[in-house]
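Report on the structure
Each chain is listed here by its residues.
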Amino acid sequence: AQDSLQSQSGWVPLLLALLHEYTASNSPWQPYFSLWQDFRSLDHPMFWPEEERRRLLQGTGIPEAVDRDLANIHLEYSSIILPFMESHPNIFDPKLHTLELYKQLVAFVMAYSFQEPLEEEDEDEKGPNPPMMVPVADILNHVANHNANLEYSPQCLQMVTTQPISKGQEIFNTYGQMANWQLLHMYGFAEPYPGNTNDTADIQMVTVRKAALQRARSKAQQQLVSEQWDFLCQLEMVGEEGAFVLGWDEVLTEEELAVTLKVLCMSEEEFKEYKEQDGWEDDSEEEQHSLLSNKALSRLKTPCKKLLYDSVLLTLESYGSDLKAEQDLLNNKETYEKLSRREQQALHVRYGQKKILHQLLELV
């Protein structure tokens, strides 16, 4: 039945196995499942009421990611899982193996599975490897400054320490270089500031277009911005759904942001000439690569700085609260401890993102 279980996520075979084993009283995997008394204790934002999710996570990118997840889960369940279960009534029962249980198992896989990294040469050709549940390896928590990691070999998986660990000290794995919004979205927790050195903030690509259109003083200038944006789309530098990703020390989407700022700040003549060269310029390679470290951001040309500054301000407006209010909450231990767990986790996500955005404002 393998062909009928193909899906965008590639998770369906594992999820079907989990649906069956989790509900089979004689499953050899019961001792493993018994470690989780109830999957509902997984506090992913997909289980938060929609109003709470929007209120606490507005501007972080998580509500949009959850909406996509839920749409995919519903589609996968109705178009692949249900037909498969109906064709195997001796194994599956839709009354027992419900959409709700399926959703909880998706969260379980998100939080506890492992994916073997692809070899570099395979990355472009193949999709990612399917997830696997690895009992015992999955009991370790994650921090950015971890002291162990999982190593894959053809014979076995090994959890290997990366630095000396004292007796009684917690062993921390790494789930990868993950920003706080990704940790909360996929695992249901975030690292308190300033622990997550991999944290990032996004500027939606369309926000930069909006900032460029806002400063256009005439119809002709607005038209030029639209043409420049269309050309950037053709170059695949931008897209309606894309985002520029900013880390603590550099822009992670440096080429896309550098080219976008440059093109949107061109005069009509410069743009015409640039278009004739198909967007190719004889920049020295060295300059390209050192382009958008934090030091380089402060050396951007003034119009580019101004456009970036305006884009950051628009991004900050998309949150429901300002940085000072969050700082006060974090600094007041008594008030902070009165917050619910969800409010605390959401606060760590918002605060880290806003700190990165404010740092960028200062740089430019």
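In this report, the structure presented in the accompanying data block is examined. Here the structure is a predicted model, which is why all the values come from computation and not from measurement.

Digging into the pairing of strand S5 (residues 157-161)
- Examined bridge by bridge, strand S4 (residues 148-152) and S5 share 5 bridges and lie antiparallel to one another. Bridge pairing links Asn149 to Val160 in S5.
- Hairpin connection of S4 to S5: 4 residues between the antiparallel strands.

A few points about the nonpolar core
- Of all hydrophobic cores here, the largest spans 47 residues; its most connected members are Tyr102 and Phe108.
- Elements that contribute at least two residues to this core include exactly helix H1 (12-23), helix H2 (30-33), helix H3 (50-57), helix H4 (62-86), helix H5 (99-112), helix H6 (180-187) and helix H16 (341-363).
- The leading source of residues in this core is H4, at 10 residues.
- Beyond its immediate sequence surroundings of up to four residues, Tyr102 is in contact with Val12, Leu15, Leu19, Ile73, Glu76, Tyr77 and Ile81.
- Counting residues in each nonpolar core, the second largest holds 40 residues, with Leu224, Val263, Val312 and Leu360 among its members.

Side note on H6
- Extensive coverage of H6 is indicated by the burial of 6 of its 8 residues.
- Within H6 the residues assigned to the buried category are Asn180, Trp181, Leu183, Leu184, His185 and Tyr187.
- Structurally, H6 contributes buried residues whose contacts are with H3, H4, H5, strand S3 (141-142) and H16.
- Of the residues one or two after H6, Gly188 is the one with positive phi, at around 85 degrees.

Some points on a negative patch on the surface
- Together, Glu227, Asp230, Glu268, Glu269, Glu270, Glu273 and Glu276 give the surface a local cluster of negative charge.
- Elements that contribute at least two residues to the negative patch include exactly helix H8 (219-234) and helix H10 (268-276).
- Here the negative patch gets 5 residues from one element, more than from any other, and that element is H10.
- In this fold, Glu227 is placed in helix H8.
- Taking the relative accessible area as the measure of exposure, Glu227 reaches 34% and is therefore partly exposed.

Observations regarding the packing of aromatic side chains
- One pass over the full model with this rule turns up 16 aromatic pairs.
- Aromatic side chains Phe108 and Tyr112 sit 5.5 Å apart centroid to centroid with 50 degrees between the ring planes, which places their arrangement in the tilted category. Residue Phe108 and its partner Tyr112 are both found in helix H5; the two are separated by 4 residues, about one turn of the helix.
- Looking at Phe108, the relative accessible area reads 0%, which means it is buried.
- On the basis of relative accessibility, which here comes to 21%, the residue Tyr112 falls in the partly exposed class.
- Chaining the aromatic ring pairs together yields one cluster made of Tyr22, Trp29, Tyr32, Phe33, Trp36, Phe108 and Tyr112.
- Between Arg209 and the ring centre of Trp229, over which it is positioned, the NZ or CZ distance is 4.9 Å.

Side note on the side chain of Ser311
- Locating Ser311 in the fold gives a position in helix H13 (residues 302-317).
- Sequence-distant contacts of Ser311, that is, excluding residues within four places in its chain, are made with Ile203, Thr207, Val208 and Ala211.

Some points on the packing of H8 against helix H9 (residues 254-264)
- Taken N-terminus to C-terminus, the directions of H8 and H9 make an angle of 150 degrees; their axes are 9 Å apart at the nearest point. Relative to H9, the element H8 is oriented roughly antiparallel. The hand of the H8/H9 crossing is right-handed. Of H9, the residues touching H8 (which contributes Val225, Gln228, Trp229 and Leu232) are Val259, Thr260, Val263 and Leu264.

Details of the pattern of salt bridges
- What the rule picks out here adds up to 14 salt bridges.
- The salt bridge partner of Arg54 is Asp67, with a shortest N-O separation of 2.6 Å. Linking Arg54 in helix H3 with Asp67 in helix H4, this pair joins segments that are 13 residues apart in sequence.
- Residue classification places Arg54 among the partly exposed residues on the basis of a relative accessible area of 29%.
- Residue class for Asp67 comes out partly exposed when judged on its relative accessible area of 33%.
- Linking Asp328 and Lys324 is a salt bridge whose minimum nitrogen-to-oxygen distance equals 3.0 Å. Taken together, the positions of Asp328 and Lys324, both in helix H14 (residues 323-331) and 4 residues apart, correspond to about one turn of that helix.
- Under the relative-accessibility criterion, Lys324 is labelled exposed at 55%.
- Through salt bridges with shared partners, one network takes in Asp43, Glu52, Arg341 and Arg342.

Analysis parameters
Residues numbered from 1 in each chain as written. Predicted model: local features only at pLDDT ≥ 70, side-chain atom pairs only at ≥ 80, totals over all residues. Heavy atoms only, no water. Pairing = 2+ DSSP bridges. Helix = DSSP H or I, 4+ residues; strand = E, 2+ residues; numbered from the N terminus. Core = buried A, V, L, I, M, F, W, Y, C linked by side-chain atoms within 4.5 Å. Buried < 20%, exposed > 50% of the residue type's maximum accessible area, 1.4 Å probe, protein only. Contact = heavy atoms within 4.5 Å. Patch = residues over 30% accessible without salt bridge, like charges linked within 9 Å, V, L, I, M, F, W, Y side chains within 5 Å. Areas by Shrake-Rupley, 256 points an atom, 1.4 Å probe, with all protein chains shown as cover. Salt bridge = Lys/Arg side-chain N within 4 Å of Asp/Glu carboxyl O. Lys, Arg positive; Asp, Glu negative; His and termini not counted. Charge placed at Lys NZ, Arg CZ, Asp CG, Glu CD. Phe/Tyr/Trp six-rings, centres within 6.5 Å; stacked < 30°, edge-to-face > 60°. Lys NZ or Arg CZ within 6 Å of the ring centre and 35° of its normal. Axes fitted to C-alpha atoms, helices over the stretch in contact; angles between N-to-C directions. Parallel < 35°, antiparallel > 145°, perpendicular 65-115°, else oblique. Left-handed = near helix turned anticlockwise from the far one by under 90°.

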